[in-house]
Amino acid sequence: MTDLSNMDMEKFGCLDQARRIWAVAAIHGETGALATLHEDLLTRFRPGDQLVYLGNYFGNRPTVVATLNELLETRRKLMALGGTSKPEAFVYLRGAREEMLTKLLELQFAPNPGEVMDWLVDHNIGAVVASYGTPEHVARAISREGTLSISRWTSSLRRAIHNHPGHSVFLSNLRRAGFSRDGKMLFVHASIDVNRPVTMQKDNFWWDNGRFDQITSPYSGFARIVRGYDHSNKGLRLNSPHTATLDGGCGRGGALNAVCFTPDGDVADHISVQTEAG
């Protein structure tokens, strides 16, 4: 069993004394669906409820600024409700897309920055840099200009992010995973390696190993593991007693889901918003 008292709270989010826990699946830049979901959530959120977002806020469209603004504004609205005033009631996980942005901001240290940039752009990071003012083709060109040019550009990208109130703080405080203080529930982005402790997962949180649905028993004391992104896009799955997949294909023609869990891991409520592409 994992000793939660030794967990690094700079890396992991703790949901403490929650009466219920809402979890929001991968958003993939679908700001309209997110706003609609938030409208519904505001009417269902009760005193003592807590909220975790499971990563992949960015998609293949330049909606990053609007998406992060929506997340920040909704947190302010929820904190204004009675009984939900503490910031610790909200946990935001790092997804694969946000991990890619971290790598992008360190591009000048890559031995082959042009190839890294091509890979990142092919995985939709071009929409992120476009949101903050650099067209995709310009970012590709800069990645081939040398270390000094790349360093200047990544610094300018950091400034562009910082110029949007709250964005830098939001991105710097993303957590690798989240858990309930009683140790019954674990929240991850995409997957987990059950042969490793929580603190030794490294990239397993972000890159799906294809074995998540094979988990048939408690892991390290956690009775249920909830994930927000399924690379195989097989849809919402809540029937397993030890796992839950909330990804309904948002950003890929499907729905954005928010599921409310009791402290024991049972489903208490569910919001689903179909994306326009669907």
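Conventions we followed
Residue positions within a chain follow its written sequence, with the count starting from 1. Predicted model: local features are reported for residues with pLDDT of at least 70 only, side-chain atom pairs are reported and counted for 80 or more only, and whole-chain, interface and lining totals are derived from all residues. Each side-chain value is derived from all of the structure's non-hydrogen atoms; neither hydrogens nor water enter the calculation. Each helix is a run of H or I in the DSSP string that is no shorter than four residues. Each strand is a run of E no shorter than two, and both are numbered from the N terminus. The globule rule used for comparison is 2.2 Å times the number of residues to the exponent 0.38, while the radius of gyration itself is calculated over C-alpha atoms. Relative accessibility under 20% of the residue-type maximum defines a buried residue, over 50% an exposed one, and the middle range a partly exposed one, all with a 1.4 Å probe and only protein chains included. In summary, the charge assignment counts Lys and Arg as positive and Asp and Glu as negative, without counting His or the chain termini. By convention, the charge on Lys lies at NZ, on Arg at CZ, on Asp at CG and on Glu at CD. Within 6.5 Å between ring centres, the rings of Phe, Tyr and Trp (the latter by its six-membered ring) count as paired, and their orientation is classed by plane angle as stacked under 30 degrees, edge-to-face over 60, tilted in between. For this document, the term salt bridge refers to a Lys or Arg side-chain nitrogen within 4 Å of an Asp or Glu carboxyl oxygen. Pairs of residues are marked as contacts when any of their non-hydrogen atoms sit within 4.5 Å. An expected span of 1.5 Å times one less than the residue number is assigned to each helix. What pLDDT reports is the predictor's confidence in each residue, on a scale of 0 through 100. Whenever two N or O atoms come within 3.5 Å, that pair is a polar contact, provided that in protein one can donate a hydrogen and the other can accept it, and provided that, for residues adjacent in sequence, both atoms are side-chain atoms. When two cysteine sulfur atoms lie within 2.5 Å, the pair is treated as a disulfide. Only the stretch in contact is used when a helix axis is fitted, and all axes are lines through C-alpha atoms; the angle between N-to-C directions ranges over 0 to 180 degrees. Note on angle classes: values under 35 degrees are labelled roughly parallel, values over 145 roughly antiparallel, values of 65 to 115 roughly perpendicular, and the remainder oblique. Put simply, Ala, Val, Leu, Ile, Met, Phe, Trp, Tyr, Cys and Pro go in the nonpolar bin, Asp, Glu, Lys and Arg in the charged bin, and everything else, Gly too, in the polar bin.

### Focus: the overall build of the protein chain
Turning to step 1, where the next piece is worked out: Secondary structure summary: the protein chain contains eight helices and ten strands in total.
Turning to step 2, where the next piece is worked out: Taking 2.2 N^0.38 as the reference for a compact globule, 278 residues should give roughly 19 Å; the C-alpha atoms of the protein chain span a radius of gyration of 18 Å, in line with that estimate.
Turning to step 3, where the next piece is worked out: Considering only C-alpha atoms, the protein chain reaches an extent of 55 × 40 × 35 Å along its principal axes.
Turning to step 4, where the next piece is worked out: Across the 278 residues in the protein chain, those meeting the buried criterion constitute 52%.
Turning to step 5, where the next piece is worked out: Across the protein chain, the centroid of the 30 positively charged side chains sits 2 Å from that of the 30 negatively charged ones.

### Notes on the packing of aromatic side chains
Turning to step 1, where the next piece is worked out: A complete count under the given rule lists seven aromatic pairs for this structure.
Turning to step 2, where the next piece is worked out: Consider the rings of Phe-12 and Phe-205, whose centres lie 6.3 Å apart with planes at 75°: the pair is edge-to-face. Placement of Phe-12 in strand S1 (residues 12–15) and of Phe-205 in the loop between strand S6 (185–188) and strand S7 (224–227) is noted, with a sequence separation of 193 residues between them.
Turning to step 3, where the next piece is worked out: Geometrically, the ring pair formed by Tyr-92 and Phe-170 is edge-to-face, given 5.0 Å between the ring centres and 65° between the ring planes. One end of the pair, Tyr-92, is in strand S4 (residues 90–92); the other, Phe-170, is in helix H8 (residues 167–172), with 78 residues separating them in the sequence.
Turning to step 4, where the next piece is worked out: For Phe-170, a relative accessible area of 6% translates into the label buried.
Turning to step 5, where the next piece is worked out: Members of the aromatic cluster, joined through ring pairs, are Tyr-53, Tyr-57, Tyr-92 and Phe-170.

### Here we look at the side chain of Glu-70
Turning to step 1, where the next piece is worked out: Mapped onto the secondary structure, Glu-70 falls in helix H2 (residues 64–79).
Turning to step 2, where the next piece is worked out: Buried charge Glu-70 goes without a salt bridge, the closest partner of opposite sign being Lys-77 at 6.0 Å.
Turning to step 3, where the next piece is worked out: With sequence-adjacent residues up to four places away left out, Glu-70 is seen in contact with Thr-31, Leu-34, Ala-35 and His-38.

### Topic: H2
Turning to step 1, where the next piece is worked out: Taking 1.5 Å per residue as the helical rise, H2 with its 16 residues ought to reach 22 Å, and the 23 Å between its terminal C-alpha atoms agrees with that figure.
Turning to step 2, where the next piece is worked out: Here H2 has its buried residues at Val-64, Val-65, Thr-67, Leu-68, Glu-70, Leu-71, Leu-72, Thr-74 and Leu-78.
Turning to step 3, where the next piece is worked out: The secondary structure elements touched by the buried residues of H2 are helix H1 (31–44), strand S3 (49–53), S4, helix H5 (125–131) and H8.

### Description of the pattern of salt bridges
Should the charged atoms of two oppositely charged side chains come close, the side chains can pair.
Turning to step 1, where the next piece is worked out: In total, this model carries 19 salt bridges according to the counting rule given.
Turning to step 2, where the next piece is worked out: Across the pair Asp-40 and Arg-44 runs a salt bridge whose closest N-O atoms are separated by 2.9 Å. With Asp-40 and Arg-44 both in helix H1 and four residues apart, the pair spans about one turn of that helix.
Turning to step 3, where the next piece is worked out: In this structure Arg-44 comes out as partly exposed when scored by relative accessible area, which is 25%.
Turning to step 4, where the next piece is worked out: Across the salt bridge formed by Arg-76 and Glu-73, the nearest N and O atoms sit 2.7 Å from each other.

### A few points about the confidence of the model for the protein chain
Turning to step 1, where the next piece is worked out: Chain-level statistics for the protein chain give a pLDDT mean of 92 and a share of 95% at 70 or above.
Turning to step 2, where the next piece is worked out: When pLDDT is averaged over each element of the protein chain, strand S9 (residues 255–261) comes out on top at 98 and S1 at the bottom at 92.

### Concerning the environment of Thr-31
Turning to step 1, where the next piece is worked out: For Thr-31, the location among the structural elements is in helix H1.
Turning to step 2, where the next piece is worked out: Overall, Thr-31 belongs to the buried group, its relative accessible area being 16%.
Turning to step 3, where the next piece is worked out: Placed 127 residues apart in sequence, Thr-31 and Arg-158 show a C-alpha to C-alpha distance of 22 Å.
Turning to step 4, where the next piece is worked out: Ignoring any residue separated from it by four or fewer positions in sequence, one finds Thr-31 in contact with Thr-63, Ala-66, Thr-67 and Glu-70.
Turning to step 5, where the next piece is worked out: A polar atom in the side chain of Thr-31 sits 2.7 Å from the side chain of Thr-67.

### Some words on the state of the cysteines
Turning to step 1, where the next piece is worked out: One pass over the structure, following the stated rule, counts zero disulfides.
Turning to step 2, where the next piece is worked out: Distance from the sulfur of Cys-14, which forms no disulfide, to the nearest cysteine sulfur (Cys-260) is 17 Å.
Turning to step 3, where the next piece is worked out: Taking the relative accessible area as the measure of exposure, Cys-260 reaches 0% and is therefore buried.

### Points about the packing of H1 against H2
Turning to step 1, where the next piece is worked out: Following both chains from N to C, one finds H1 and H2 inclined at 5°, their axes separated by 10 Å at the closest point. By the angle class used here, H1 and H2 are roughly parallel. Counting all contacts with H1, which are made through Thr-31, Leu-34, Ala-35, His-38, Leu-41 and Leu-42, the residues of H2 involved are Ala-66, Thr-67, Glu-70, Leu-71, Thr-74, Lys-77 and Leu-78.
Turning to step 2, where the next piece is worked out: Among the residues making up the contact of H1 with H2, the classes are represented as seven nonpolar, four polar and two charged.

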